[in-house]
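# Fold and geometry: a report
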Amino acid sequence: MPQTAFNATQEKLLAQLTPQLQSLARRGVLRNYRKNAIVISENDVGDTMFVLVQGRVKAFSSDVDGREITYGTIESGDYFGEMSLDGGPRSASIITLEPCVCAVIDRSIVLAYLSEAPEFAVSLINEVIQRARAATESARGMALLNVYGRVVALLESYGGAGKPDAPVLIYPVTHQDLASRVGASREMVSRLLKDLEKGEYVKLGIKRITLLKKLPARW
């Protein structure tokens, strides 16, 4: 299958990908996206997959009132949009958190590549399973835990529980990021974090939270 020609700067970016993703990205077109650009809109019918060559994006859903739930962030060297390979609607929206470069590959090209590289096909299946499992765990937490429990579970999912001799730094993160992930208001999350800071469980900073010790099960 023919591959696209890239300039020297683009080649340096592609060189940071794994060999399999690099091979796939070379079959697409590189596009630049500014910060806060919507790359994918939920429920649109998609026929492309994206390899994130540079930058960071967020997967989320929102309703007509503007309420939002965040499913997670995707870092450079990963991919998204794979759920469109069945020809169905997009399952979530994707927005850039910083300027990004993506390789955009048509669905037909991706499917052809999967037949050429069965090891990547297996890797993709495993990734889809892991993302589905994470979504299931998130939904279970939303249903069975109260807001405080969801905040604790989310904070400790970044790097484990903090310890006096081994604090855990979460950066970059905002109170709104956490609120969107746990399905609560920013004000409620801010109150909980302030209380935890008063109890010397966490230290708050600009777009950062440091877990100083194991968070209490109840508050």
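Residues numbered from 1 in each chain as written. Predicted model: local features only at pLDDT ≥ 70, side-chain atom pairs only at ≥ 80, totals over all residues. Heavy atoms only, no water.

### Overview of the packing of aromatic side chains
- Applying the stated rule across the entire model yields 3 aromatic pairs.
- Relative to Phe-80, the ring of Phe-50 has its centre 5.0 Å away and its plane inclined at 5°; by these criteria the two rings are stacked. Of this pair, Phe-50 sits in strand β3 (residues 48-54) while Phe-80 sits in strand β6 (residues 78-80), and the two are 30 residues apart along the sequence. The residues Phe-50 and Phe-80 share a single accessibility class, namely buried.
- Ring pairing ties together the aromatic residues Tyr-79, Tyr-113 and Phe-120, which thus form one cluster.
- In this structure, Lys-213 is placed above the aromatic ring of Tyr-201, and the distance from its NZ or CZ to the ring centre is 4.6 Å. (Phe/Tyr/Trp six-rings, centres within 6.5 Å; stacked < 30°, edge-to-face > 60°. Helix = DSSP H or I, 4+ residues; strand = E, 2+ residues; numbered from the N terminus. Buried < 20%, exposed > 50% of the residue type's maximum accessible area, 1.4 Å probe, protein only. Lys NZ or Arg CZ within 6 Å of the ring centre and 35° of its normal.)

### Some thoughts on the sheet that holds strand β2 (residues 38-40)
- Strand order across the open sheet formed by 4 strands is β2-β7-β4-β5, with antiparallel pairing between neighbours. Lying at the two open borders of the sheet, with one neighbouring strand each, are β2 and β5 (68-75). With direction set aside, neighbouring strand axes in the sheet form an average angle of 30°.
- Across 2 bridges, the pairing between β2 and strand β7 (residues 93-96) is antiparallel. (Pairing = 2+ DSSP bridges. Axes fitted to C-alpha atoms, helices over the stretch in contact; angles between N-to-C directions.)

### Observations concerning the pattern of salt bridges
- Overall, the coordinates contain 8 salt bridges when judged by the stated rule.
- As a salt-bridge pair, Arg-56 and Glu-98 come within 3.6 Å of each other at their nearest N and O atoms. Of the two residues, Arg-56 is situated in strand β4 (residues 56-62) and Glu-98 in the loop between β7 and β8 (100-106); the sequence distance between them amounts to 42 residues.
- Look at Arg-56 and you get buried, because its relative accessible area is 16%.
- Residue Arg-131 pairs with Glu-82 through a salt bridge whose shortest N-O separation is 3.0 Å. (Salt bridge = Lys/Arg side-chain N within 4 Å of Asp/Glu carboxyl O.)

### A few points about the layout of surface pockets
- Considering only enclosed or pocket space, the largest pocket measures out at about 1,200 Å³ in volume.
- Looking at the largest pocket, it is lined by 37 residues, and the ones nearest its centre are Tyr-71, Gly-72, Arg-131, Ala-134 and Ala-135.
- For the lining of the largest pocket, the secondary structure elements donating two or more residues are β5, β6, α4 (118-144), α5 (147-159) and α6 (175-182).
- Counting residues per element, the lining of the largest pocket draws most heavily on α4, which supplies 11 residues.
- When its residues are assigned to classes, the lining of the largest pocket shows 19 nonpolar, 9 polar and 9 charged.
- As for the second largest pocket, its lining consists of 23 residues, of which Arg-56, Leu-97, Pro-172, Val-173 and Asp-177 are closest to the centre.
- Those elements that place two or more of their residues in the lining of the second largest pocket are β4, β5, β7, β9 (168-170) and α6.
- Residues that form the lining of the second largest pocket fall into these classes: 8 nonpolar, 7 polar and 8 charged. (1 Å grid on protein atoms, 1.4 Å probe; cavity = no way out; pocket = protein on both sides within 12 Å on 5 of 7 lines; lining within 4 Å. Points joined across faces, edges and corners; volume = space filled by probe spheres on them. Nonpolar A, V, L, I, M, F, W, Y, C, P; charged D, E, K, R; others polar.)

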